[in-house]
Amino acid sequence: MLSHVIGRFRRELHAAGDAEDRSRQVRHLQALELRAHAQLPKLSAHLEALYGGRRDLPAQLGTLLELAITKGLERPDELRQLDAAREHDPSWFSSHKRIGAALYVDRHCGTLGKLEQEISYLKLLNVSMLHLMPTVYKTPEKNNDGGYAISDFRSVNPAIGTMEELRDLFATFRKNGISPVMDVTVNHVADEHAWARAAQAGDTEKRGYFFALDAAGRDAYEPHLGRVFPDIRRSNFTWNDDTGRYMWTSFMSSQWDLNYANPATLAAMAGEQLFLLNQGAEVLRMDAVPWLWKELGTDCKYRPQVQAILGTFNALCRIAAPGTVLLAEAIHEPERIKRNLGTDRCPMAYNTITLAHLWDALAHADASFMAEVLKRHGNTAPGTSFLNMVRTHDEMGFYFDKESAAALGIDLDTRRRGLGEFYGGGGTHAKAQAFLANNNSTHMLLTGTTGSLAGLEKAIEAGDPQQMDAAVRRIRLLNSVLLGLPGVPMLNLMGGDDRGQVNDYSYQADETLRTDSRWVNRVQRDVDFKAKSPLEIEAMDRVFSDTVDLNRVRARDMPAFDAGPMQVIDTGKAPVLAFARQNGQQEVVVLANFSPSPQKVDPQHLRAHGLTEAAIDKIGANEGQVQSVVAGVELAPYQCMWLVPADRELDRSRILQTDPA
Ligand code: GLC
């Protein structure tokens, strides 16, 4: 099969182009053949899992191979070089130097042109991976689910720029060591997407990309399905006059779910992904992956076929664009999100442990639940990496690991209710909003920026410097832990996390956004300090300089935070999260005090990790200052330390200074 496909490409190449271009392409075809050969067993197995029993299976395999080879041959030289370099460095996306950030171009600076001017700012923050939220694409003007209803993966939102500008911007990012991340809503497209429009115009082939059901079909599936937005959406289906059918719409009514039981849909979606990778995107954020496969009588989430779909996309990327990586997005329990994560699926996945437990530990001044979950799920398999965030642009997802809860005797419903009251109920430092207040799920859904959740909004309202100081310390603590955990940390610029921005309530005045409180944490970039009180300016300054410092230390000086496991340390102190990381060059112990009172960690918990006599806290007030750990370590309220043994660290920096390499 493969040799047949390659033979056809070879014949075509021999018949076209000038001699120089021909030999360049023929050489590249050889490389593509080798990669395709390596992926073939996996690709065949995935297709078998999805479409086993179909007589046209070999033809489907041929179509996908042709697609990957075509896109591989179209891949620009500069990107081929990137691929070649990264084939020898498979952990390129997970070194300690890799720090991510996410933003909406429109809400951050307005246009792609202006974003280019932000590069020096991004470099100041040591950002080397940038997620452009999906408002960068052409979407329906209204009701586009914050850009997640995409009308065309190949067109840029005209209000912010053009595809040519995006390509150029990606090239500039590349020169500056910044890897662009783009969304691919693999589960759905906007009802304005060309596929959906064709289906509405009566194109039966395109209608087969979707689920177009009659009332009986809808009623057969619906009773088994959950609801993503229960307040806003009463059903998972939306009537469409043109198709004369109920279209499957798991999310908003303008987002039509794709039907992967049809192999043509799989190939079409893979084509969009490879197109984006050839424009220079280096990471594709695969949105809402649990929903990709529907099966009657089930809740249509996390079906085993999802892994085969992701595996197919991954195999095609490995062939056509191996210097890129797929990132799975799902906010669920760690055990479930890990099903999407793998070198043969998505090598990166969102880490819901950080999203849920950092806030849980702060609210309870107790990190033992987080420690238990990290022991079970904090490490990922070699070659894979978590994407760690404090907050996303969505609601807070309190998805906890049931086994860890059971081991500690924690009742999860009570825990979630308590968190709902703590963050949304008033009477504490935090200010969250309810998301889908009437939903009857057991999950307490809340929204808010890191700044507001950590106490800045209330402190500023009260004009209270002490409260402000505590809030800034909490934010520093959250970020310090995030940067130390295995995985790639991602800074939420769309929530203004670099400056501790507080909730933005302006969405409430917009008819089309009013019912979706997630907009409270999708802030307009605030560069106008004029309207702010001195206290707020001071808070923003402190959060900003903390962010710059912490990122700088991690990127410059913490090889122990490269991809690799962590070991949770039991200190016997519930408020303190402690874990060790190491690589060949460095060993570090992270100590994080989630409580408002000082805590002491006894020396016997540190010795096994090389901390016997003197240590340096890499993020201490006096960087590089040596402190004794013989009698243990005192942590101030909300303090986090990255402790390295002083002697080894001093040796290491001496070697770094004298070694010209
Ligand atoms: C993801 C996005 C969310 C969106 C949904 C549907 O969960 O993060 O914002 O509503 O997918 O695309």
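Above this note sits the structure.
To keep things clear, this report deals only with the structure shown in the data block. (Residues numbered from 1 in each chain as written. Predicted model: local features only at pLDDT ≥ 70, side-chain atom pairs only at ≥ 80, totals over all residues. Heavy atoms only, no water.)

### Overview of the packing of helix H1 (residues 2-14) against helix H3 (residues 57-74)
Next up, step 1: Remark: H1 packs on H3, axes separated minimally by 10 Å, with the N-to-C direction vectors making an angle of 40°. By the criterion of interaxial angle, the relationship of H1 to H3 is oblique. Pair H1 / H3 crosses with right-handed handedness. Facing H1, whose interface residues are Leu 2, Val 5, Ile 6, Arg 8 and Phe 9, H3 presents Leu 65, Glu 66, Ile 69, Thr 70 and Leu 73.
Next up, step 2: Along the lines of polarity and charge, the residues of the contact of H1 with H3 split into seven nonpolar, one polar and two charged. (Axes fitted to C-alpha atoms, helices over the stretch in contact; angles between N-to-C directions. Helix = DSSP H or I, 4+ residues; strand = E, 2+ residues; numbered from the N terminus. Parallel < 35°, antiparallel > 145°, perpendicular 65-115°, else oblique. Left-handed = near helix turned anticlockwise from the far one by under 90°. Contact = heavy atoms within 4.5 Å. Nonpolar A, V, L, I, M, F, W, Y, C, P; charged D, E, K, R; others polar.)

### Quick look at the state of the cysteines
Next up, step 1: Tallied over the entire structure, the rule returns zero disulfides.
Next up, step 2: Of all cysteine sulfurs, the one in Cys 346 lies closest to Cys 317, which takes part in no disulfide; the gap is 9.0 Å. (Disulfide = S-S within 2.5 Å.)

### What about the environment of Val 373?
Next up, step 1: Position of Val 373 relative to the elements: it lies in helix H16 (residues 368-377).
Next up, step 2: Since its relative accessible area comes to 0%, Val 373 is described here as buried.
Next up, step 3: When residues no more than four places from it in sequence are discounted, the contact partners of Val 373 are Pro 334, Ile 353, His 357, Gly 378, Asp 401 and Ser 404. (Buried < 20%, exposed > 50% of the residue type's maximum accessible area, 1.4 Å probe, protein only.)

### Quick look at empty space enclosed by the protein
Next up, step 1: According to the stated counting rule, one finds four cavities of 30 Å³ or more in the structure shown.
Next up, step 2: Put simply, the largest cavity is a space of about 120 Å³.
Next up, step 3: Asn 479, Leu 482, Leu 483, Met 490 and Leu 491 are, among the 16 residues lining the largest cavity, the residues nearest its centre.
Next up, step 4: Elements with a minimum of two residues in the lining of the largest cavity: helix H21 (465-484), strand E17 (488-492) and helix H22 (534-557).
Next up, step 5: Among the elements that line the lining of the largest cavity, the one with the most residues is E17, at four residues.
Next up, step 6: Residues of the lining of the largest cavity, tallied by class, amount to nine nonpolar, five polar and two charged. (1 Å grid on protein atoms, 1.4 Å probe; cavity = no way out; pocket = protein on both sides within 12 Å on 5 of 7 lines; lining within 4 Å. Points joined across faces, edges and corners; volume = space filled by probe spheres on them.)

### Some words on the sheet that holds strand E9 (residues 245-248)
Next up, step 1: Strands sit in the order E7-E9-E8 across an open sheet of three strands; the sheet is antiparallel. If you trace the sheet from one side to the other, it starts and ends with strand E7 (212-213) and strand E8 (237-240), each paired once.
Next up, step 2: Bridging between E7 and E9 involves two bridges; their strand directions are antiparallel. Bridge pairing in E9 places Leu 213 opposite Tyr 246. (Pairing = 2+ DSSP bridges.)

### A word on helix H15 (residues 352-364)
Next up, step 1: Its 13 residues give H15 an end-to-end C-alpha distance of 18 Å, which sits within 8% of 18 Å, the value for a rise of 1.5 Å per residue.
Next up, step 2: For H15, a buried count of 12 out of 13 residues is recorded, marking the element as mostly surrounded by other parts of the structure.
Next up, step 3: Among the residues of H15, Thr 352, Ile 353, Thr 354, Leu 355, Ala 356, His 357, Leu 358, Trp 359, Asp 360, Ala 361, Leu 362 and Ala 363 are the ones counted as buried.
Next up, step 4: Where H15 begins, one side-chain oxygen reaches toward the backbone nitrogen of Ile 353, 2.9 Å away; that side chain belongs to Asn 351.
Next up, step 5: Backbone geometry just after H15 places Ala 365 at a positive phi near 50°. (Expected span 1.5 Å × (residues − 1). Polar contact = N/O pair within 3.5 Å; in protein donor to acceptor, adjacent residues only side chain to side chain.)

### Concerning the packing of aromatic side chains
Next up, step 1: Counted under the stated rule, the structure contains 20 aromatic pairs.
Next up, step 2: Note on Phe 229 and Phe 435: the rings are 6.3 Å apart at their centroids and 85° apart in plane angle, and the pair reads as edge-to-face. Placement of the pair is Phe 229 in the loop between helix H11 (215-221) and E8 and Phe 435 in the loop between strand E15 (433-434) and strand E16 (446-447), with a sequence separation of 206 residues. Exposure class is identical for Phe 229 and Phe 435. Each is buried.
Next up, step 3: On the basis of an interplanar angle of 90° and a centroid distance of 5.0 Å, the ring pair of Phe 561 and Trp 642 is categorised as edge-to-face. Taken together, the residues span a long stretch of sequence, with Phe 561 in the loop between H22 and strand E18 (566-568) and Trp 642 in strand E25 (residues 640-645) at a distance of 81 residues. Exposure class is identical for Phe 561 and Trp 642. Each is buried.
Next up, step 4: Through pairs of rings, three or more aromatic residues link up here, namely Phe 211, Tyr 221, Phe 237 and Trp 248.
Next up, step 5: The aromatic ring of Trp 92 is capped on one face by Arg 86, whose charged end is 3.7 Å from the ring centroid.
Next up, step 6: The aromatic ring of Tyr 246 is capped on one face by Arg 218, whose charged end is 4.2 Å from the ring centroid. (Phe/Tyr/Trp six-rings, centres within 6.5 Å; stacked < 30°, edge-to-face > 60°. Lys NZ or Arg CZ within 6 Å of the ring centre and 35° of its normal.)

### Things to note about the pattern of salt bridges
Next up, step 1: In this structure the tally under the stated criterion is 48 salt bridges.
Next up, step 2: Between Arg 303 and Glu 295 there is a salt bridge, with the nearest N and O atoms lying 3.4 Å from each other.
Next up, step 3: The class of Glu 295 is partly exposed, set by a relative accessible area of 29%.
Next up, step 4: Taking the shortest distance from any N to any O, the salt bridge between Asp 498 and Arg 525 comes out at 3.0 Å. In this pair, Asp 498 sits in the loop between E17 and H22 while Arg 525 sits in the loop between E17 and H22, placing the two residues 27 residues apart along the sequence. Here Asp 498 matches Arg 525 in class, with each residue buried.
Next up, step 5: One salt-bridge network, in which partners are shared between bridges, spans Asp 145, Asp 394, Asp 516, Arg 518 and Arg 522. (Salt bridge = Lys/Arg side-chain N within 4 Å of Asp/Glu carboxyl O.)

### Quick word on the packing of H3 against helix H13 (residues 305-320)
Next up, step 1: Remark: H3 packs on H13, axes separated minimally by 8 Å, with the N-to-C direction vectors making an angle of 35°. Considering only the axes of H3 and H13, their crossing is right-handed. Residues Leu 64, Leu 65, Ala 68, Lys 71 and Gly 72 of H3 pack against Thr 312, Leu 316, Ile 319 and Ala 320 of H13.
Next up, step 2: A breakdown of the residues in the contact of H3 with H13 according to their chemical character gives six nonpolar, two polar and one charged.

### Points about the sheet that holds strand E1 (residues 100-103)
Within a sheet, each strand pairs with its neighbour through backbone hydrogen bonds, oriented either parallel or antiparallel.
Next up, step 1: The strand order around the closed barrel formed by eight strands is E1-E2-E5-E11-E12-E13-E14-E17, and the pairing between neighbours is parallel. The mean inter-strand angle of the sheet, taken between neighbouring strand axes irrespective of direction, is 30°.
Next up, step 2: Inspection of the sheet shows strand E11 (residues 283-286) paired to strand E12 (residues 325-328) by four bridges, in the parallel sense. Within E12, the residue paired with Val 283 across the bridge is Val 325.
Next up, step 3: Taken strand by strand, H15 contacts strand E13 (348-351) and strand E14 (385-388), and its axis lies near 15° from that of E13.

### A few points about the nonpolar core
Next up, step 1: Within the largest apolar cluster, 99 residues are counted, with the highest numbers of intra-cluster contacts made by Leu 130, Leu 132, Met 182, Phe 210, Tyr 260 and Phe 313.
Next up, step 2: Broken down by element, the residue count for this core peaks at 10 residues, all from H13.
Next up, step 3: Filtering out sequence-adjacent residues up to four positions away, Phe 210 remains in contact with Val 189, Trp 195, Ala 196, Ala 199, Met 247, Trp 256, Asp 257, Leu 258 and Asn 259.
Next up, step 4: Core analysis: the second largest hydrophobic core is formed by 54 residues, Ala 356, Leu 577, Phe 579 and Tyr 638 among them. (Core = buried A, V, L, I, M, F, W, Y, C linked by side-chain atoms within 4.5 Å.)

### As for a negative patch on the surface
Next up, step 1: Residues Glu 116, Glu 164, Glu 165 and Asp 168 make up a contiguous surface patch of negative charge.
Next up, step 2: Ranked by residue count, the leading element in the negative patch is helix H8 (residues 163-175), at three residues.
Next up, step 3: Here Glu 116 is to be found in helix H6 (residues 112-116).
Next up, step 4: Among the residues examined, Glu 116 registers a relative accessible area of 39% and is labelled partly exposed. (Patch = residues over 30% accessible without salt bridge, like charges linked within 9 Å, V, L, I, M, F, W, Y side chains within 5 Å. Areas by Shrake-Rupley, 256 points an atom, 1.4 Å probe, with all protein chains shown as cover. Lys, Arg positive; Asp, Glu negative; His and termini not counted. Charge placed at Lys NZ, Arg CZ, Asp CG, Glu CD.)

### With respect to helix H18 (residues 412-424)
Next up, step 1: If you check H18, its first and last C-alpha atoms are 18 Å apart, about what 13 residues at 1.5 Å a residue would give, namely 18 Å.
Next up, step 2: Its buried side turned inward, H18 meets H15, H16, helix H17 (402-408), E16 and helix H19 (450-453).
Next up, step 3: Looking one or two residues past H18, Gly 426 carries a phi angle of roughly 85°, positive in sign.

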